[in-house]
Amino acid sequence: MAADILQTPLDGRNLISRAEAHAQERWPRLLAYIPRMADPHTTSNANSPVQSLLKEDRIFPPTAAQATALGGAWCASMDEYRTRHARSIADPEGFWSEVAQDLDWFTPWSKVLEWNCPDAKWFVDAKTNICHNALDRHVLAGHGHEVGIIWEGEPKRENGTPEVKHLSYGELLEEVCRCSNALKSLGVKKGDVVTLYMGMVPELAIAMLACARIGAAHSVIFGGFPAPAIVDRMLDAKSGVIVTCDGAWRRGQVVPLKKNVDEAIALLSAQNHKVEHCIVLHRTKNQIDWHAGRDHAWHELVGAQSDECDCEPMDSEDLLFLLYTSGSTGKPKGIRHTIGGYMVYTAYTAQQTFSLRAGAGQVYWCTADIGWVTGHSYIVYGILPNRVPSLMYEGAPNFPGDDRFWEMVSRHHVTHFYTAPTAIRAFMKWGDEHPAKHDLSSLKVLGTVGEPINPEAWMWYHQNIGGSKCPIVDTFWQTETGGHVLTPLACTTPTVPGSCTLPFFGIDAAVVDENGVEVPANCGGLLVIRKPWPAMLRGIHGDRARFIETYWSRVKGMYLAGDGARRDERGYFWIMGRIDDVLNVSGHRLGTMEVESALVSHEAVVEAAVVGMPHDIKGTGIAAFVSLGPHATPSDELKAALREHVSGVLGPIAKPDMIRFTQALPKTRSGKIMRRLLRDVAAGRDSKQDTTTLEDLNVLAALRGNEE
Ligand code: WT7
């Protein structure tokens, strides 16, 4: 039945009613126990790194009404998807040259792709500028007055109204030109790396585009990181110019950005690294130190410049940005992205995945911070070329109230809403009444990114935010992939809660064993991409050996994503978590994600993190950190009930050996659970791990003080 649906054109009425029937069933009911030993592919063997015990059979095909509301589907049917995908793999050069025609190039390419694994060059010899494609192109076509960025600040005025700015493409272009000229006046040249350490203010997007315009690369550092993160990244990038703010608003408090920068610059100068210039945008008006000669106020320096600045014609393979991401060990990796391929791929994925259409009244909101790749690709670079307004919000989702996001969706008539599973689980915990208070009927497409979304959260999102009428695109990708690689297309792909569905055009993804051989359906393995794609990383800055070791060594000739995955009988992908997050319990390898999903399917549980811990008998035991909903109380009875519940869902092998209740889980600023830390807590070790990316150190202290 499920397989039939994929072959069927999307207008079948029975399909809609089936989806509705499913939607009406209340969660939790999602996980059916697969007798683990019955399937030879799910038993433990060397070729099967992870076993899968999850089963989900609800399917939500997009409806004709949904496509109409979005101005029509870019890809009309699954047959068309299949044909185009097959072509994109068989003839990548033909496929991508057609896609790239939709953007402006100053000089055309001599060759679409040059591939010497692991080195790719896309649109060889072509000259372009991504800022031109994001702004100038629209102004030249007469759309200069249309809104490119809508920005909302966190604090509200006394009368309860927020601070909102609507920046047109014309206004953005002028301010970008002024900022470009300001950078030039400080001696910034093509090829330099400019560090941006700011809050979520429009000037951050403006500074990125200003760098791109003059051919400088940017390195955005998330504004929540402390001074040592700035030190490491500026040293690694040899960056001598930084743009910052006096402070950033976060949950009503000022984050002292400039103070952190001063501290970082002092630490850097002790290491003989000179930071020549620091541009400071005054946002929060907190007291700051000022170093005359080095520090420049944005409103004075940028404000004094001409609003005209020619775009530098950039080579397609010139560096666009560095973005640092944490690796499994130590030092963060500076992921390198170049201009041409990244530009084509982010604009195209944004259009196709979200079903974006210029001039159709759409308002797109991605809640990520720009300090994270999601903000780079799907607030700025992929969205602006599509000429759909991109909403940028400065602050926290629960300030001043737990309904801030929903109030904003309704006030700005948001049509596209893109957020992370960790945020969705927080919304669930805060209660259904917050979205219920607001009119969310403008919403047409919902998206998630960042981690596997458990089917519970998917259903909650679908019903409580999407009013059971919006497709959900669960987009799998990475800092390294630059853009979506496994994702539904909003108007085309039938979705299944918990699955990121199928590869995007040009992505030859597979689940393989250590020898690079594809594993059978429903058998866990390593997620790889076997062919180059335009937005793939071009290396780790200054560390060729680590680039090859991390991504290209374990399975020869293929890009290793570092995630475990399986494909179901429909060919849909299910991400099972990072390879390092695999548990080996009594010789059975289990994905932490599945045990977490089983825990969360219990009505008392809102969020769970599962890690391995030393166990006398099993080698590795299962430790679960569980955060409860507002109506549940921690007790030994509840622990026992949860163990039984997991056992009922996944089988006795997956029963947690230890359960600890916690108010919150330790997370990175981008919302990823820091399992490394939890492993130490579970083992009763004092953590020697680097905690600079941890969002709230109190969480860790609380966990440590809560020994069983
Ligand atoms: C890792 C990449 C790409 C922007 C956000 C994170 C996990 C990401 C999904 C998804 C399951 C996902 C993977 C991946 N991840 N999206 N839809 N389903 N897992 O970027 O910090 O580079 O992290 O996030 O584990 O490898 P990142």
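Residues numbered from 1 in each chain as written. Predicted model: local features only at pLDDT ≥ 70, side-chain atom pairs only at ≥ 80, totals over all residues. Heavy atoms only, no water.

1. Looking at the packing of aromatic side chains
Consideration 1: One pass over the full model with this rule turns up 40 aromatic pairs.
Consideration 2: Aromatic pair phenylalanine 95 and phenylalanine 505: ring centres 5.8 Å apart, planes at 40°, arrangement tilted. Of the two residues, phenylalanine 95 is situated in helix α5 (residues 92-100) and phenylalanine 505 in the loop between β20 (472-474) and β21 (509-512); the sequence distance between them amounts to 410 residues. Grouping residues by exposure puts phenylalanine 95 and phenylalanine 505 together as buried.
Consideration 3: An aromatic cluster of three or more residues is present, and its members are Tyr81, Phe95, Trp96, Tyr345, Tyr348, Phe504 and Phe505. (Phe/Tyr/Trp six-rings, centres within 6.5 Å; stacked < 30°, edge-to-face > 60°. Helix = DSSP H or I, 4+ residues; strand = E, 2+ residues; numbered from the N terminus. Buried < 20%, exposed > 50% of the residue type's maximum accessible area, 1.4 Å probe, protein only.)

2. Some words on the nonpolar core
Consideration 1: Residues Trp96, Phe123, Trp298 and Tyr381 are the most contacted members of the largest nonpolar core, which totals 148 residues.
Consideration 2: In terms of residues, this core owes the most to one element, helix α8 (residues 202-214), which gives ten residues.
Consideration 3: Once residues within four sequence positions are removed from consideration, tryptophan 298 is found in contact with Glu175, Cys179, Met198, Glu203, Ile206, Ala207, Val243, Ile279, Val280, Leu281 and Gly303.
Consideration 4: Judged by nonpolar contacts, the second largest core, of 28 residues, contains Ile150, Met408, Met428 and Trp460. (Core = buried A, V, L, I, M, F, W, Y, C linked by side-chain atoms within 4.5 Å. Contact = heavy atoms within 4.5 Å.)

3. Some thoughts on the pattern of salt bridges
A side chain with one charge can pair with a side chain of the opposite charge if their charged atoms come near.
Consideration 1: Inspection of the entire model under this criterion finds 32 salt bridges.
Consideration 2: Note that arginine 84 is salt-bridged to glutamate 80, the shortest N-O span being 3.3 Å. With arginine 84 and glutamate 80 both in helix α4 (residues 78-90) and four residues apart, the pair spans about one turn of that helix.
Consideration 3: As a salt-bridge pair, arginine 87 and glutamate 98 come within 3.1 Å of each other at their nearest N and O atoms. On the criterion of sequence distance, the pair formed by arginine 87 in helix α4 and glutamate 98 in helix α5 is long-range, its members being eleven residues apart.
Consideration 4: What makes glutamate 98 partly exposed here is its relative accessible area of 48%.
Consideration 5: Taken together, the salt bridges that share partners define one network made up of Glu152, Lys156, Arg404, Glu407 and Arg411. (Salt bridge = Lys/Arg side-chain N within 4 Å of Asp/Glu carboxyl O.)

4. Let's talk about helix α10 (residues 257-270)
Note: α-helices contain 3.6 residues per turn, so residues at a spacing of three or four share the same orientation.
Consideration 1: With 14 residues, α10 ought to run about 20 Å at 1.5 Å a step, and its terminal C-alpha atoms sit 20 Å apart, in line with that.
Consideration 2: For α10, every residue scored as buried is listed here: Leu257, Lys258, Asn260, Val261, Asp262, Ala264, Ile265 and Leu268.
Consideration 3: One or two residues past the end of α10 sits asparagine 272, with phi positive at roughly 60°. (Expected span 1.5 Å × (residues − 1).)

5. Considering the site of the ligand
Consideration 1: Residues in close proximity to the ligand total 17 residues, the closest being Asp474, Thr475, Thr479, Asp563 and Arg578.
Consideration 2: The contact in question runs from a nitrogen atom of the ligand to an N or O atom on the backbone of threonine 475, over 2.8 Å.
Consideration 3: Phenylalanine 476 places a main-chain nitrogen or oxygen 3.5 Å from a nitrogen atom of the ligand.
Consideration 4: Taken by itself the ligand offers 560 Å² of open surface, and the protein chains cover 94% of this.
Consideration 5: Listed by contribution, the elements that provide at least two residues to the shell around the ligand are α13 (373-381) and β24 (573-578).
Consideration 6: Split into classes, the residues belonging to the shell around the ligand amount to seven nonpolar, five polar and five charged. (Near = heavy atom within 4 Å. Polar contact = N/O pair within 3.5 Å; in protein donor to acceptor, adjacent residues only side chain to side chain. Areas by Shrake-Rupley, 256 points an atom, 1.4 Å probe, with all protein chains shown as cover. Nonpolar A, V, L, I, M, F, W, Y, C, P; charged D, E, K, R; others polar.)

6. Things to note about the packing of helix α9 (residues 227-237) against α10
Consideration 1: The geometry of α9 relative to α10 is characterised by a closest axis approach of 8 Å and an angle of 50° between their N-to-C directions. On the basis of the axis angle, α9 is oblique to α10. Handedness of the α9/α10 crossing: right-handed. Between α9, through Ala227, Ile230, Val231, Met234 and Leu235, and α10, the contact on the second element is made entirely by Asn260, Val261, Glu263, Ala264, Leu267 and Leu268.
Consideration 2: Class assignment for the residues of the contact of α9 with α10 results in nine nonpolar, one polar and one charged. (Axes fitted to C-alpha atoms, helices over the stretch in contact; angles between N-to-C directions. Parallel < 35°, antiparallel > 145°, perpendicular 65-115°, else oblique. Left-handed = near helix turned anticlockwise from the far one by under 90°.)

7. Here we look at the pairing of β21
Consideration 1: Side-chain alternation along β21 places Ala509 and Val511 on one buried face and Ala510 and Val512 on a second face that is also buried.
Consideration 2: Alignment of β21 against strand β22 (residues 525-529), held across four bridges, turns out to be antiparallel. Residue pairing in the sheet places alanine 509 in a bridge with isoleucine 529 of β22. (Pairing = 2+ DSSP bridges.)

8. Quick notes on the environment of valine 147
Consideration 1: One can find valine 147 in strand β4 (residues 147-156).
Consideration 2: A relative accessible area of 26% means that valine 147 is categorised as partly exposed.
Consideration 3: Setting aside residues no more than four positions away along its own chain, valine 147 makes contact with His166, Leu167, Ser168, Tyr169 and Pro389.

9. Notes on unusual backbone geometry
Consideration 1: The peptide bond linking cysteine 117 to proline 118 adopts the cis configuration, its omega dihedral lying at 5°.
Consideration 2: Among the secondary structure elements, proline 118 is positioned in the loop between β1 (111-116) and β2 (119-124).
Consideration 3: Phi is positive for phenylalanine 123, close to 55°, though the residue is something other than glycine.
Consideration 4: Here phenylalanine 123 shows up in strand β2.

10. Here we look at the sheet that holds β22
Hydrogen bonds along the backbone pair up the strands of a sheet, which may run parallel or antiparallel.
Consideration 1: With respect to topology, four strands assemble into an open sheet ordered β21-β22-β23-β24, the strand pairing being antiparallel. Two strands bound the open sheet, and with one partner strand each, they are β21 and β24. Each strand axis lies, on average, 45° off the axis of its neighbour in the sheet, ignoring direction.
Consideration 2: In this sheet, β24 lies alongside strand β23 (residues 559-567) in antiparallel orientation, the contact comprising five bridges. Counted as the bridge partner of glycine 564 is glycine 577 from β24.

11. Details of the pairing of β1
Consideration 1: Across five bridges, β1 lies against β2 in antiparallel orientation. Bridging across to β2, lysine 111 finds its partner in valine 124.
Consideration 2: Connecting β1 to the next strand, β2, in antiparallel fashion are two residues.

12. Some words on the side chain of histidine 484
Consideration 1: Within the fold, histidine 484 resides in the loop between β20 and β21.
Consideration 2: Residue classification places histidine 484 among the buried positions, given a relative accessible area of 0%.
Consideration 3: Discounting residues that sit within four places of it in the chain, histidine 484 has contacts with Tyr345, Thr349, Thr353, Phe354, Tyr378, Tyr418, Thr475, Phe476, Trp477 and Phe504.

13. Here we look at the confidence of the model for the protein
Low pLDDT means the predicted coordinates in that region are not meant to be read closely.
Consideration 1: Averaged over every residue, the pLDDT of the protein is 88; the share at 70 or more is 88%.
Consideration 2: Here residues 1-50 is modelled with pLDDT under 50, and outside its nearest four sequence neighbours on either side it reaches 104 contacts, counting other chains as well. (pLDDT = per-residue confidence, 0-100.)

14. Focus on the packing of α4 against α5
When two helices pack together, you describe them by how their axes are tilted relative to each other and by the distance separating the axes.
Consideration 1: At a minimum axis separation of 5 Å, α4 and α5 run at an interaxial angle of 115°. By the angle between their axes, α4 is roughly perpendicular relative to α5. Counted together, Arg84, Arg87, Ser88, Ile89 and Ala90 of α4 and Pro92, Gly94, Phe95 and Glu98 of α5 form the full contact between these two elements.

15. Observations regarding the sheet that holds strand β16 (residues 364-366)
Consideration 1: The strand order β5-β4-β17-β16-β18-β19-β20 describes an open sheet built from seven strands, whose pairing is mixed. Single-partner strands in this sheet number two, and they are β5 (162-168) and β20. Mean inter-strand twist for the sheet, computed between neighbouring axes without regard to direction, equals 20°.
Consideration 2: In this sheet, strand β19 (residues 445-448) lies alongside strand β18 (residues 416-419) in parallel orientation, the contact comprising four bridges.

16. A look at the state of the cysteines
Consideration 1: Here the structure, examined in full by the defined rule, presents zero disulfides.
Consideration 2: The cysteine cysteine 179 is free of any disulfide, with cysteine 211 supplying the nearest cysteine sulfur at 6.9 Å.
Consideration 3: Judged by its relative accessible area of 2%, cysteine 179 falls in the buried class. (Disulfide = S-S within 2.5 Å.)

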